[in-house]
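# Descriptive analysis of the structure
Next come the chains, spelled out residue by residue.
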Amino acid sequence: MDLVIRARRVVRAGGEQPAAVGVRDGRIVAISPYDAEFDAATELRLGDDEVLLPGLVDSHVHVNDPGRTDWEGFTSATKAAAAGGVTTIVDMPLNSIPPTCDVPALTLKRKTAETQSYVDVGFWGGAIPGNVPDLRPLHDAGVFGYKCFLLHSGVDEFPPLDADQLAAAMRELSTFDGLLIVHAEDAHRIDEATEPNGASYEAFLNSRPRAAENEAVAQVIELARETGCRVHILHVSSADILPLLTQARNDGVRITAETCPHYLSFTAEDIPDGATQYKCCPPIREAANRELLWEGLRAGTIDQVVSDHSPSTIDLKHLDTGDFGTAWGGIASLQLGLPAVWTEARRRGFTLADVVRWMAAAPAAQTGLTTKGGIEVGYDADFCVLAPDETFTVDAHQLEHKNAITPYDGRTLTGVVRSTWLRGASIDIDVDPRGRLLTRGER
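Residues numbered from 1 in each chain as written. Predicted model: local features only at pLDDT ≥ 70, side-chain atom pairs only at ≥ 80, totals over all residues. Heavy atoms only, no water.

What counts, and what does not: UniProt positions are given in the numbering used here, feature names are shortened, and annotations may be inferred rather than shown by experiment.
The chain goes by allantoinase in an unreviewed UniProt entry, where it is assigned to Kribbella sindirgiensis. The annotation that UniProt attaches to the chain under Subunit (unreviewed entry) is "Homotetramer." According to the UniProt record, the Function (unreviewed entry) comment for the chain is "Catalyzes the reversible cyclization of carbamoyl aspartate to dihydroorotate."

### A few points about the pattern of salt bridges
Worth spelling out the cut-off: Salt bridge, as applied in this entry: a Lys or Arg side-chain nitrogen positioned within 4 Å of an Asp or Glu carboxyl oxygen. Comment: elements are numbered from the N terminus, with helices defined as DSSP H or I runs of at least four residues and strands as E runs of at least two. Throughout, exposure labels follow a simple rule: accessible area from a 1.4 Å probe, protein chains only, divided by the maximum for the residue type, with under 20% read as buried, over 50% as exposed, and the rest as partly exposed.
All chains considered together, the criterion is met by 33 salt bridges. The closest approach of N and O atoms between R254 and D177, which form a salt bridge, is 2.9 Å. Taken together, the positions of R254 in the loop between α8 (242-250) and β13 (255-259) and D177 in the loop between α4 (163-174) and β11 (179-183) put the pair 77 residues apart, joining distant regions of the chain. Judged by relative accessible area, D177 falls into the partly exposed class, the value being 36%. Each of R27, D120, K372, D380, D382 and R423 takes part in one network of salt bridges that share partners.

### Some words on the pairing of strand β5 (residues 51-54)
How we decide: Two strands are counted as paired when DSSP detects at least two bridges linking them.
Side-chain alternation along β5 places V51 and L53 on one buried face and L52 and P54 on a second face that is also buried. Alignment of β5 against strand β15 (residues 383-393), held across 4 bridges, turns out to be antiparallel. Within β15, the residue paired with P54 across the bridge is F383.

### A look at the sheet that holds strand β7 (residues 86-91)
Spelled out, the test is: To get an axis, fit a line to the C-alpha atoms, keeping to the stretch in contact for a helix; angles then go from 0 to 180 degrees between the N-to-C directions.
Overall, parallel pairing links the 3 strands, which are arranged β6-β7-β8 in an open sheet. Of all the strands in the sheet, just β6 (56-61) and β8 (120-123) have a single pairing partner and so form its edges. Shown here is a sheet whose adjacent strand axes are inclined to one another by a mean of 20 degrees, direction ignored. Pairing between β7 and β8: 4 bridges, direction parallel. If you follow V90 over to β8, its bridge partner there is G122.

### Some words on unusual backbone geometry
Here the residue pair I97 and P98 is connected by a cis peptide bond, since its omega of 0 degrees sits within 30 degrees of zero. Position of P98 relative to the elements: it lies in the loop between β7 and α2 (103-113). Cis rather than trans, the peptide bond between C281 and P282 has omega equal to -5 degrees. Phi at D308 is positive, roughly 50 degrees, even though this residue is not glycine. Of note, the phi angle at R423 is positive, near 50 degrees, even though the residue is not glycine. Inspection of the secondary structure puts R423 in the loop between β16 (412-422) and β17 (425-426). Looking at R423, the relative accessible area reads 11%, which means it is buried.

### Looking at helix α11 (residues 337-347)
Most of α11 is tucked away: 9 of the 11 residues are buried. Of the residues making up α11, those classed as buried are G337, L338, P339, A340, V341, W342, T343, E344 and A345.

### Quick word on the side chain of N289
Rule in force here: In this analysis, two residues are considered to be in contact whenever any of their non-hydrogen atoms come within 4.5 Å of each other.
Among the structural elements, N289 can be located in helix α10 (residues 287-299). For N289, a relative accessible area of 3% corresponds to the buried category. If sequence neighbours within four positions are ignored, N289 has contacts with R210, S237, S238 and A239.

### Observations regarding the pairing of β11
Judged by how many residues are buried, β11 sits mostly within the fold: 5 of 5 residues are covered. The two faces of β11 match: L179, I181 and H183 on one face and L180 and V182 on the other face are all buried. Pairing of strand β10 (residues 146-149) with β11 involves 4 bridges; the strand directions are parallel. Note on β11: the bridge partner recorded for K147 is I181. In the sheet, β11 pairs with strand β12 (residues 230-233) via 4 bridges, with the strands oriented parallel. Each bridged residue has a counterpart across the sheet, and for L180 the counterpart in β12 is V231.

### Considerations on the UniProt feature "domain: Amidohydrolase-related" (unreviewed entry) in the chain
Annotation from UniProt places "domain: Amidohydrolase-related" (unreviewed entry) at residues 51-424. Across residues 51-424, helical content stands at 34% and strand content at 17%; the span's end C-alpha atoms are separated by 16 Å.

### Describing the nonpolar core
Basically, it comes down to this: Residues belong to a common nonpolar core when they are buried Ala, Val, Leu, Ile, Met, Phe, Trp, Tyr or Cys residues joined through side-chain atoms within 4.5 Å.
If you look at the biggest cluster of nonpolar residues, it comprises 101 residues, and the most contacted ones within it are L53, I89, Y146, L166, L180, I233 and W358. Not counting chain neighbours up to four residues away, the residues in contact with L53 comprise V11, L338, L352, V356, I375, D382, F383, C384 and L386.

Spelled out as structure tokens, the structure:
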């Protein structure tokens, strides 16, 4: 063996167990009893306060590179991922310039990322008006699926699809079993809602009503039923859609859904007026809604938890005015997803095996990364060493994110990532990056 890691607590699909995990050539080749004898070049014994998890897979990250590298960038984003126990990210097609909506843009993005990535990186394509002819070439070039918006995305170079354009994209994707991932808020409902009113969080919340999310998801479900297209609902914030998802699956619609750490951690009642670091779309909703999202995870209606890391420069958050109407909408949390979710999950009786299912196994399965997201023979030797009972207080200035702003600043979280391993080697963010670029379908 190149490496053997011995841990009293190894989290696998069936729960926790003591084990010795053997690694050769970057892959897991043995999972044996804790005291099993191995001839290994390196042996690591975890402390009694440490747990071995698979490296997490975050399939919803806005790296913003190239074009808006002052917002984040592959170097800072993948360092933050590694510091948070994430060994694989899938990058969104916006807010880079150009967006990843055709093969030349994908080629440019891959060239940008190839020498900067400290973890493995894959890419989503984009579905925008007029690019149906580009969808199959992007698929052949290895994107994991296609993101679309049903209302303004926040950046003009990534426009939304109307109902006819959405149907056309789904019909095209169904011809080669492509996956459409949807920012589901109905533009007409939001146009009819009240305008955000300066620093008032309540006014902002009312400007993005649940009805907009509910109706958009219903529309996506009906088109998926008609076309047979695989669909995924991004960043579920409204618990009202959970029965819709259940019924759709019972009817044979191929649909999955995710939520995000901020919807599971924060509540509208606790957000101060003017605190635009909490602004995201769809918005953080009420405490009762948050608890229903947790129940959706318990029931399996929501499949996964991913960050939707969508940072910006601090000035775009308009902290000086606290204006929710004009501030950039996005939560910076890539480095903090695991402790944020674990802090809230353990309070509700969930286990680390649950967290691994939501944050590693399910995103890997959705993206077809068959050797990621678990500790199994034949899988990549991607690991997170977690001290699950240790607490820390978030200091935004100590995070690897490029811009020191996050709503978690000053919040005490439980679960400290002690080290992160990529294909059998500990990631050192002070040395050269060794992450690989991933394509759909590769093993």
